Amino acid sequence: MGSYGKKPDYYARASGRVNLIGEHIDYCGYSVLPMAIEQDVIIAVSSNDSGRLQLVNTNMEYGMFECDINDLSINKEKPVWHNYFLCGLKGLLEHCKVTSPKGLQCVVDGTIPKSAGLSSSSALVCCAALVTMHANGQALSKKELSDMCAHCERFIGTEGGGMDQAISFMANKGTAKLIEFNPLKSTDVELPEDVVFVISNCCVELNKAATSHFNIRVVECRLASQIIAKTKGLKWREFKRFADVQKALGLTLDEAINVVKEILHQEPYTKEEVCGILEVTADELAQTSLSANTLDVKTFKLHNRATHVFSEANRVLQFKKTCDLKPADASVVLGYLMNDSHSSCRDLYQCSCDDLDRLVDICCQSGALGSRLTGAGWGGCAVSMVPANQVDSFIKSVTEKYYGKDDRLKEKVKENLFATQPGGGAAIYVE
Ligand code: ADP
Ligand code: NG1
Ligand code: MG
C-alpha cells in the first residue's frame, strides 16, 4: 500500500457482492438474494486533529484528494472516485451528528472490478462510513449502517435500493442472504452443495452515476406504480414503489402481473400521456416522480418494466423456497430461475448489452445450469451456477470462447473470470 510515512492506526474492509437473483427490484421494495464476494475495498487509516481529509489510492488511475473535513461537497455531475468516499463520510457524520470530526489520512486499496455490477461503489461508500464511525468513536449496528449507507450513496445521484450496502454489512461467510426491506432483514440461504457460482465480466463498463440508464429505470417503475395506484383509486402521490401499491391493493404477485396487463399498454408512454393520466403539469411531474438526470426523458416503457419487477420478485421467492426445501432437482430448478431472470432483464427491463448477452450464452453452452447478468447491467458481469465437478472445464471453455477471441481481454482473464464462495461482511481491524 502507498503510505503517509507512518503505520496506520487501523484498517477497514468492505466487500463487493454478487446478486444471485432479484435484479432491479430492491428499489421497488422487493427482496433480493445476494452474497458477499472475496474481492473488497480495504482502507488503511490514521486519524488526527488536522481538520483535513487526505486520500490516496493504490491504483494510480485514481488521483489523490484532499479537502477540509468540515466542508464536504459531492459532485453529482462528475462522479470522480473520491465522491463515493465523501458519501460514506458525510452520511456518517450527519447521521451521528458529529460536530468536530477527526481528520483522516487514508490509503484506499480495492480489488473489485469497477462498474461491473459487483458493487465496487457501495464497498467504497460502506468502507468510508466504517472508517469515519471508528475514527469518531461512534458505534452503529449493522442494520443502522446498512440503511444509512443506502441513503448516503444516493448523494452521488443514483437512486439505488439498498441491496449492496445491506449485504456488505450483513454478510456472513459461507451463506448467501435473502435481504428484505422495510424493515431491513437478512436471512441465511443455504445454497446447494453440488454447485459453484462463477463470475465472468464481459468487460464493458458502465458507471451508474455518470449516466441516466439506472435512474431512468427507477423513474419508470415509480411512474408505473403511480399510474396503477391512481387507476385503482389510491392517493397516487403517496406511492413511489411497486411493493407498496401491491400491498395497498392486497394483490399477490401473480395478480399484480394481471393488473399490469389490464392497466398499462405495451407501447412506450410519452411524458404528455403520463401527465394526462396523473393530471399534473410537466413541472409537477418533475416534483412527484422524476430525478435530476431524468427531467428530459421523453418516453417511458411502463408495461415491460412492471412485468419484469413483479415476475423477478416472484423468482426470488421461488429461489429461496427451492434452497430451503432442497428437492432432488434443486440445482436444475435454480438454473431455470436464473435463465428466466436473464431473459427478463434482457427483453423486458432492457438492462443488458450485446457482449453480456453473448457471454451469458457462452456460459450456458459451457456447462452452466443457469446464467444471468448480475448487478445493474448494461455491461459488467454474469453469474453462472456450475456443477461443482465441472468448474475447471467451464472456466476453460469460457476462457476460449469469450476471452480468447479478443487480444484486449486475453491478458485479463484471471481478474474477470473466477469461482466464488459466500464471503464475510464489513469489519474494522485494529492491530
Ligand atoms: P459498480 O457496479 O462497481 O458498483 P458503479 O458505477 O456504481 O459500479 O461505481 C464504480 C465507481 O466506483 C468507479 O468509477 C470509481 O469511481 C469507484 N470505485 C470503485 N472501486 C474503486 C477503488 N478501488 N478505488 C477508488 N474508487 C473506486
Ligand atoms: P450496482 O450495479 O452494483 O451499482 C445497482 C444498485 C442496486 C440494485 C442493482 C440492480 C446502487 C448502489 N446499487 O447495483 O441497489 O438496484 O443495481 O439490481 O444503486
Ligand atoms: Mg454501484
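Parameters at a glance
- Residues numbered from 1 in each chain as written.
- Chains lettered and ligands numbered in written order.
- Predicted model: local features only at pLDDT ≥ 70, side-chain atom pairs only at ≥ 80, totals over all residues.
- Heavy atoms only, no water.
- 1 Å grid on protein atoms, 1.4 Å probe; cavity = no way out; pocket = protein on both sides within 12 Å on 5 of 7 lines; lining within 4 Å.
- Points joined across faces, edges and corners; volume = space filled by probe spheres on them.
- Helix = DSSP H or I, 4+ residues; strand = E, 2+ residues; numbered from the N terminus.
- Nonpolar A, V, L, I, M, F, W, Y, C, P; charged D, E, K, R; others polar.
- Pairing = 2+ DSSP bridges.
- Axes fitted to C-alpha atoms, helices over the stretch in contact; angles between N-to-C directions.
- Contact = heavy atoms within 4.5 Å.
- Parallel < 35°, antiparallel > 145°, perpendicular 65-115°, else oblique.
- Left-handed = near helix turned anticlockwise from the far one by under 90°.
- UniProt positions renumbered as here; feature names shortened; annotations may be inferred.
- Expected span 1.5 Å × (residues − 1).
- Buried < 20%, exposed > 50% of the residue type's maximum accessible area, 1.4 Å probe, protein only.
- Phe/Tyr/Trp six-rings, centres within 6.5 Å; stacked < 30°, edge-to-face > 60°.
- Lys NZ or Arg CZ within 6 Å of the ring centre and 35° of its normal.
- Salt bridge = Lys/Arg side-chain N within 4 Å of Asp/Glu carboxyl O.

Observations concerning empty space enclosed by the protein
Where empty space is left becomes clear once a probe the size of a water molecule has been rolled over the atoms.
Move 1: Applying the stated criterion to the full structure yields one cavity of 30 Å³ or more.
Move 2: Residue lining of the largest cavity: Ser225, Ile228, Phe242, Val245, Gln246, Leu249, Leu251, Ala256, Val259 and Phe310, and that is the complete set.
Move 3: At the level of elements, α5 (213–231), α6 (242–249) and α7 (253–263) are the ones that each hand at least two residues to the lining of the largest cavity.
Move 4: If one sorts the elements of the lining of the largest cavity by residue count, α6 sits on top with four residues.
Move 5: Residues that form the lining of the largest cavity fall into these classes: eight nonpolar, two polar and no charged.

A short note on the sheet that holds strand β5 (residues 103–110)
Move 1: Reading across from one edge, β4-β3-β5-β2-β1-β14 is the order of the six strands in this open sheet, with mixed pairing throughout. Looking at strand neighbours, the two that pair on one side only are β4 (65–68) and β14 (427–430), the edges of this open sheet. Taking each pair of neighbouring strands and ignoring which way they run, the sheet shows an average axis angle of 20°.
Move 2: Each of β2 (33–48), β3 (52–57), β4 and β5 is contacted by helix α1 (residues 82–95), which is oriented at about 135° to β3, the strand it contacts most.
Move 3: Against the sheet, helix α4 (residues 163–170) engages β1 (10–21) and β2, with an angle of about 125° to β1.

Points about the packing of helix α3 (residues 142–153) against α4
Move 1: Two elements in contact, α3 and α4, have axes separated by 8 Å at closest approach and are oriented at 150°. In terms of their interaxial angle, α3 and α4 are classed as roughly antiparallel. By crossing handedness, the relation of α3 to α4 is classed as right-handed. For the pair formed by α3 and α4, the contact residues are Lys142, Lys143, Leu145, Ser146, Cys149, Ala150 and Glu153 on the first element and Gln165, Ala166, Phe169 and Met170 on the second.
Move 2: Split into classes, the residues belonging to the contact of α3 with α4 amount to six nonpolar, two polar and three charged.

Observations concerning the UniProt feature "domain: Galactokinase N-terminal" (unreviewed entry) in the chain
Move 1: Here the UniProt feature "domain: Galactokinase N-terminal" (unreviewed entry) sits at residues 4–46.
Move 2: Taken as a whole, residues 4–46 contains 0% helix and 60% strand, while its terminal C-alpha atoms sit 9 Å from one another.

Topic: helix α11 (residues 330–348)
Move 1: Here α11 spans 26 Å end to end across 19 residues, near enough to the 27 Å set by a 1.5 Å rise per residue.
Move 2: Those residues of α11 that sit buried are Ala330, Ser331, Leu334, Gly335, Leu337, Met338, Ser341, His342, Ser344 and Cys345.
Move 3: The inward-facing, buried residues of α11 contact β1, β8 (195–201), α10 (302–325), α12 (354–365), β11 (370–373) and β12 (381–387).

Overview of the layout of surface pockets
Move 1: For the second largest pocket, the calculated volume is near 450 Å³.
Move 2: Elements with a contribution of two residues or more to the lining of the second largest pocket: α3 and α5.
Move 3: Ranked by the residues each element gives to the lining of the second largest pocket, the list is headed by α3, at four residues.
Move 4: Residue classes in the lining of the second largest pocket are distributed as 10 nonpolar, six polar and seven charged.

Things to note about the pairing of strand β6 (residues 176–180)
Move 1: The buried fraction of β6 is high, at four of five residues.
Move 2: Here β6 runs beside strand β7 (residues 185–189); their pairing, made up of five bridges, is antiparallel. Each bridged residue has a counterpart across the sheet, and for lysine 177 the counterpart in β7 is aspartate 188.
Move 3: In sequence, β6 turns back onto β7 through a hairpin of four residues, with asparagine 182 there showing a positive phi of about 50°.

Describing the packing of α10 against α11
Move 1: The interhelical angle for the contact between α10 and α11, taken along N-to-C directions, is 165°, at an axis separation of 10 Å. Between α10 and α11, the crossing angle belongs to the class labelled roughly antiparallel. Crossing angle aside, the handedness with which α10 passes α11 is left-handed. Along the contact surface, α10 presents Asn304, Arg305, Thr307, His308, Ser311, Glu312, Arg315, Gln318, Phe319, Thr322 and Cys323, while α11 presents Ala330, Val333, Leu334, Leu337, Met338, Asp340, Ser341, Ser344, Cys345, Asp347 and Leu348.
Move 2: The residue makeup of the contact of α10 with α11, split by class, is nine nonpolar, eight polar and five charged.

Things to note about the UniProt feature "domain: GHMP kinase N-terminal" (unreviewed entry) in the chain
Move 1: Listed under "domain: GHMP kinase N-terminal" (unreviewed entry) in the UniProt record, and renumbered for this structure, are residues 83–170.
Move 2: Annotated as 56% helix and 9% strand, the span residues 83–170 places its first and last C-alpha atoms 24 Å apart.

Quick look at the packing of aromatic side chains
Move 1: Going through the model one piece at a time under the given rule, you end up with five aromatic pairs.
Move 2: Summarising the aromatic geometry, the rings of tyrosine 62 and tryptophan 81 are spaced 5.8 Å apart at their centres and angled 50° between planes, so their arrangement reads as tilted. Residue tyrosine 62 is located in the loop between β3 and β4, and its partner tryptophan 81 is located in the loop between β4 and α1; the two are separated by 19 residues in the primary sequence.
Move 3: Tryptophan 81 sits in the buried class, given a relative accessible area of 7%.
Move 4: Following the ring pairs from residue to residue traces out a cluster consisting of Tyr30, Phe242 and Phe310.
Move 5: A cation over a ring is seen here: arginine 217 above tyrosine 349, with NZ or CZ 5.8 Å from the ring centre.

Section: the sheet that holds strand β13 (residues 417–420)
Move 1: Spatially, β11-β12-β8-β13 is the arrangement adopted by the four strands of the open sheet, whose pairing is antiparallel. Each having just a single partner strand, β11 and β13 make up the two edges of the open sheet. Along the sheet, successive strands turn relative to each other by an average axial angle of 25°, direction set aside.
Move 2: With seven bridges connecting them, β8 and β12 associate as antiparallel partners. Bridged to serine 200 within β12 is alanine 382.
Move 3: Taken strand by strand, α12 contacts β8, β11 and β12, and its axis lies near 165° from that of β11.

Here we look at the pattern of salt bridges
Move 1: Applying the stated criterion across every chain yields a total of 26 salt bridges.
Move 2: With a closest N to O distance of 3.0 Å, glutamate 94 and lysine 90 form a salt bridge. Of this pair, glutamate 94 and lysine 90 both sit in helix α1, four residues apart, roughly one helical turn.
Move 3: Taking the relative accessible area as the measure of exposure, lysine 90 reaches 23% and is therefore partly exposed.
Move 4: Note that lysine 114 is salt-bridged to glutamate 205, the shortest N-O span being 2.8 Å. One end of the pair, lysine 114, is in the loop between β5 and α2 (120–135); the other, glutamate 205, is in the loop between β8 and α5, and 91 residues separate them in sequence.
Move 5: Given a relative accessible area of 26%, lysine 114 falls into the partly exposed group.
Move 6: One network of salt bridges, in which partners are shared, links Glu23, Glu312, Arg315 and Arg372.

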